[in-house]
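Structural overview
Chain by chain, the residues:
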Amino acid sequence: MSKTVCPRCATGGALADYQGKEGGKVVWTIHRCPTCCFSWRDSEPDSAIGIGIRSAHFAVDAANLDRYVKILQQ
Amino acid sequence: MMQDLAKQSRSITSLRDFLELLGDAGQAITWSERVMPEPDVRNIAVAASRDANGAPAIVFDNIAGYPGKRTAVGVHGSWDNIALLLGRPKGTTIRELFFEIAGRWGDAAAQISTVPEARAPVHECRIESGINLYDVLPVYRINEYDGGFYLGKASVASRDPEDLDNFGKQNVGIYRLQLQGPDSFTLMTIPSHDMGRQIMAAERTGLPLKIAVMLGNHPGLAVFAATPIGYEESEYSYASAMMGAPIRLTKSGNGIDILADSEIVIEAEMQLGERVLEGPFGEFPGSYSGVRKAPIFKVTAISHRKNPIFENIYIGRGWTEHDTLIGLHTSAPIYAQLRQNFPEVTAVNALYQHGLTGIISVKNRMAGFAKTVALRALSTPHGVMYLKNLIMVDADVDPFDLNQVMWALSTRTRADDIIVLPNMPAVPIDPSAVVPGKGHRLIIDATSYLPPDPVGEAHLVTPPTGPDIDELSKKIRAMQLGALQ
Ligand SMILES: [Zn+2]
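Definitions and cut-offs
Residues numbered from 1 in each chain as written. Chains lettered and ligands numbered in written order. Predicted model: local features only at pLDDT ≥ 70, side-chain atom pairs only at ≥ 80, totals over all residues. Heavy atoms only, no water. Helix = DSSP H or I, 4+ residues; strand = E, 2+ residues; numbered from the N terminus. Rg over C-alpha atoms; globule rule 2.2 N^0.38 Å. Buried < 20%, exposed > 50% of the residue type's maximum accessible area, 1.4 Å probe, protein only. Contact = heavy atoms within 4.5 Å. Lys, Arg positive; Asp, Glu negative; His and termini not counted. Charge placed at Lys NZ, Arg CZ, Asp CG, Glu CD. 1 Å grid on protein atoms, 1.4 Å probe; cavity = no way out; pocket = protein on both sides within 12 Å on 5 of 7 lines; lining within 4 Å. Points joined across faces, edges and corners; volume = space filled by probe spheres on them. Nonpolar A, V, L, I, M, F, W, Y, C, P; charged D, E, K, R; others polar. Domains from an automatic or database assignment. Donors = N, O, S within 2.8 Å, 3.2 Å for Na, K, Ca; no water. Tetrahedral: all angles 85-135°; square planar, octahedral: opposite > 155°, others 65-115°. Pairing = 2+ DSSP bridges. Axes fitted to C-alpha atoms, helices over the stretch in contact; angles between N-to-C directions. Salt bridge = Lys/Arg side-chain N within 4 Å of Asp/Glu carboxyl O. Buried area = accessible area lost by both parts, 1.4 Å probe. Core = buried A, V, L, I, M, F, W, Y, C linked by side-chain atoms within 4.5 Å. Right-handed = clockwise from strand over helix to strand, strands pointing away.

Broken down by element type, chain A carries one helix and three strands. In sequence order, the secondary structure elements of chain A are arranged as β-β-β-α. A compact globule built from 74 residues would reach a C-alpha radius of gyration of about 11 Å, whereas chain A, at 14 Å, exceeds it by more than 25%. Among the 74 residues that make up chain A, the fraction classed as buried is 42%. Nonlocal contacts in chain A, meaning residues at least 24 apart in sequence, comprise 32% of its contacts between residues at least 6 apart. On chain A, the mean spot of the 9 positive side-chain charges and the mean spot of the 7 negative ones are 3 Å from each other.

Written as structure tokens, this is what we have:
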């Protein structure tokens, strides 16, 4: 399990989905959190992905995922 | 010249054709200075959309980490671009564009032609294994707190899982898609939309639901496929009829009719019963949606043209491309539906936030008549959920000219001449709703007084109006632009 921590729900284990490369050199990496489904690019501004800097209003509580409504229930 | 433009418009078959047409008219630019995916693409798209009348489409071809890839925004981002799509010159007024679309409503016939898959440009390149959407799509975060990377301008085609052979029951609609890893995405919809219905039918019956996601499409499809037409009418036929031009279809690898000339098509299958977290997404009211659990689709194949252009949209707090993309075509059906009962209706402006505010001009037949028309507007298919604030003006007021609307509000409105309808249906993402999906409606009667009202109309100044004056104002604008060159 990776040590990359999700900026939205603060759990570890994020996956690296893609690396943007130029001339063989990695320019940035796209990560995805398997807990809260947040995806981000490590080159984004701190206001969006900085742990402790990102607006707390958009945090997801990983301990309470049941509160999110399932759409299109029969 | 007008005829040339109309002919050019009818010969558009693809995004590429349209970008070329726009480029020739000074309405598309290529941004070759190096940009970061975030925040540069968003910043440039927002800066462009400040000019609702004249903003160009922008094609980015030098995005850090995406060598050789291209993304386009703002293709429908200004009235001038919409005018060129409809075969009218730059500088055509919003009112003229409205009547151009309203005049085509229910008038023309569809022309659908079929291209064999082997000859369809969309299938030039095909990926069936080792699928990674990020290899093909130079995505970027549209708004800062979006939950991921979104495809904001995807036309999704699907067949009714219970009636696979029915062309008419095929659905094409614009839904927001969030990438959920290299080969998956979520799709957001509501039960009343065609896709919501099909998802629920597939899960009820256990039948597979296959879809084809078209990106970078014929520019008429995005305008006309977002329309609330009947479930059994084909959006392709409708778009062709409204464009007055043939639409070229082919088959996707998973058996769905798709546009033969699209840039990219992603074939996918729904994972029955599964839901994963989706959102937030900066939506058209200018606020973020919530986080919810949405259906997830697994990608089975990707087709694309050589050197494809990934088309996306900036959407958020208005004014944005979303408003020019759907505004007129939100207004025209309401106009047509109202006129079936009330030919006194002379124009409908539902440009603002998908019609959360609408302005309707009407020849007042008797005292209070405008309010009757307003109530009818609330019962049109779009009005049921969206028309939250309605401003009723007289026929001598152009609802597309907000200076005139403000004049009517200033001189013809009494503070008690309004109606508030409490606890009505509301579109769930309206942030002012009492609870999501339920809110109040407001009707402001800004029409003049008629008997038996004792006040009567004031003696009005009648400045010159009409097409001659419209032409003069365009001429002044053209002379002004000419003076700069
Ligand atoms: Zn997370």
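Moving on from the model shown.
Moving on, we come to the layout of surface pockets. Residues and elements named next belong to chain B. If you add up the space inside the largest pocket, you get close to 1800 Å³. No other element matches the 10 residues that helix α14 (residues 467-484) contributes to the lining of the largest pocket. Considered class by class, the residues forming the lining of the largest pocket number 21 nonpolar, 14 polar and 13 charged. Of the residues that make up the lining of the largest pocket, three or more belong to each of domain 1 (2-311) and domain 2 (342-458).

Residues and elements named next belong to chain B. Following Gly279, the chain continues to Pro280 via a peptide bond in cis, the omega torsion being -5°. Tracing the chain through its elements places Pro280 in the loop between β14 (264-278) and β15 (292-304). Cis geometry marks the peptide bond from Gly318 to Trp319; its omega dihedral reads 5°. You can see Trp319 is positioned in the loop between β16 (309-311) and α10 (321-341). You will see that Asn307, though not glycine, has its phi angle at about 50°, which is positive. Inspection of the secondary structure assignment puts Asn307 in the loop between β15 and β16. Judged by relative accessible area, Asn307 falls into the partly exposed class, the value being 44%. Here Gln353, not a glycine, exhibits a phi torsion of approximately 50°, which is positive.

This brings us to the coordination of the zinc ion. Residues and elements named next belong to chain A. Taken together, Cys6 (SG), Cys9 (SG), Cys33 (SG) and Cys36 (SG) make up the full set of protein donors to the zinc ion, lying 2.3 to 2.4 Å away. Around the zinc ion, the four donor atoms are arranged such that angles at the metal cover 102 to 115°; this shape is classified as tetrahedral. Ordering the donors of the zinc ion by residue number gives the pattern C-x2-C-x23-C-x2-C. In this pair, Cys9 is assigned in the segment before β1 (15-22) and Cys36 in the loop between β2 (25-32) and β3 (39-41), connecting sequence segments 27 residues apart.

Residue and element names in this part refer to chain B. The mixed open sheet is built from three strands, whose spatial order is β4-β12-β13. Two strands in the sheet have a free side with no partner beyond their single neighbour: β4 (112-114) and β13 (257-259). Ignoring strand direction, the axes of neighbouring strands in this sheet form an average angle of 45°. Pairing of β4 with strand β12 (residues 247-251) involves three bridges; the strand directions are parallel. Bridge pairing in β12 places Ser113 opposite Arg248. With respect to the sheet, helix α9 (residues 235-243) is in contact with β4, β12 and β13, its orientation differing from that of β12 by roughly 160°.

Here we come to the sheet that holds strand β18 (residues 357-362) of chain B. Residue and element names in this part refer to chain B. The sheet built from five strands is open, its strands ordered β17-β18-β19-β21-β20 with mixed pairing. Two strands bound the open sheet, and with one partner strand each, they are β17 (345-352) and β20 (418-425). The sheet shows a mean angle of 15° between the axes of neighbouring strands, direction not considered. Bridge count for β18 against strand β19 (residues 389-394) is six bridges, and the pairing is parallel. The residue of β19 that forms the bridge with Val362 is Asp394. The strands that helix α13 (residues 402-412) touches are β17, β18, β19 and β21 (438-446); relative to β21, the one it contacts most, it runs at about 80°.

The next subject is the pattern of salt bridges. Evaluation of the coordinates by the stated rule reveals 30 salt bridges over all chains. Across the pair A:Asp17 and A:Arg32 runs a salt bridge whose closest N-O atoms are separated by 2.7 Å. In this pair, A:Asp17 is assigned in strand β1 and A:Arg32 in strand β2, connecting sequence segments 15 residues apart. The salt bridge involving B:Glu283 is made with B:Arg176; its shortest N-O contact spans 2.9 Å.

What follows covers the interface of chain A and chain B. It is common to give the size of an interface as the accessible area that goes away when the parts come together. Contacts between the two partners involve 35 residues from chain A and, on the opposite side, 49 residues from chain B. When the buried surface of chain A facing chain B is broken down by residue, A:Tyr18, A:Ile71 and A:Leu72 rank first, second and third, together holding 22% of it. A:Glu44 serves as the salt-bridge partner of B:Arg141, at 2.6 Å between the closest nitrogen and oxygen. Of all elements in the fold, only β1, β2, β3 and α1 (46-49) of chain A reach the threshold of two or more residues within the side of chain A that touches chain B. Per-element accounting of the side of chain A that touches chain B gives the leading share, five residues, to β1(A). Partitioned by chemical class, the residues of the side of chain A that touches chain B number 17 nonpolar, eight polar and 10 charged.

Our next topic: the nonpolar core. The biggest cluster of nonpolar side chains holds 136 residues, and the ones touching the most others in it are B:Leu137, B:Leu151, B:Phe185, B:Ile211, B:Ile266 and B:Leu328. In terms of residues, this core owes the most to one element, α10(B), which gives seven residues. In terms of domain composition, this core takes at least three residues from each of domain 1 (2-311) and domain 2 (342-458) of chain B. Of all hydrophobic cores here, the second largest spans 16 residues; its members include A:Cys9, A:Cys37, A:Val60 and B:Ile296.

Residue and element names in this part refer to chain B. Of the two faces of strand β2 (residues 57-60), the one holding Ala57 and Val59 and the one holding Ile58 and Phe60 are both buried throughout. Relative to β2, strand β1 (residues 28-31) runs parallel, the two being bridged by four bridges. If you follow Ile29 over to β2, its bridge partner there is Ile58. Remark: the β1/helix α3 (residues 37-48)/β2 crossover connection has right-handed handedness.

Keep in mind these values describe shape, not function.
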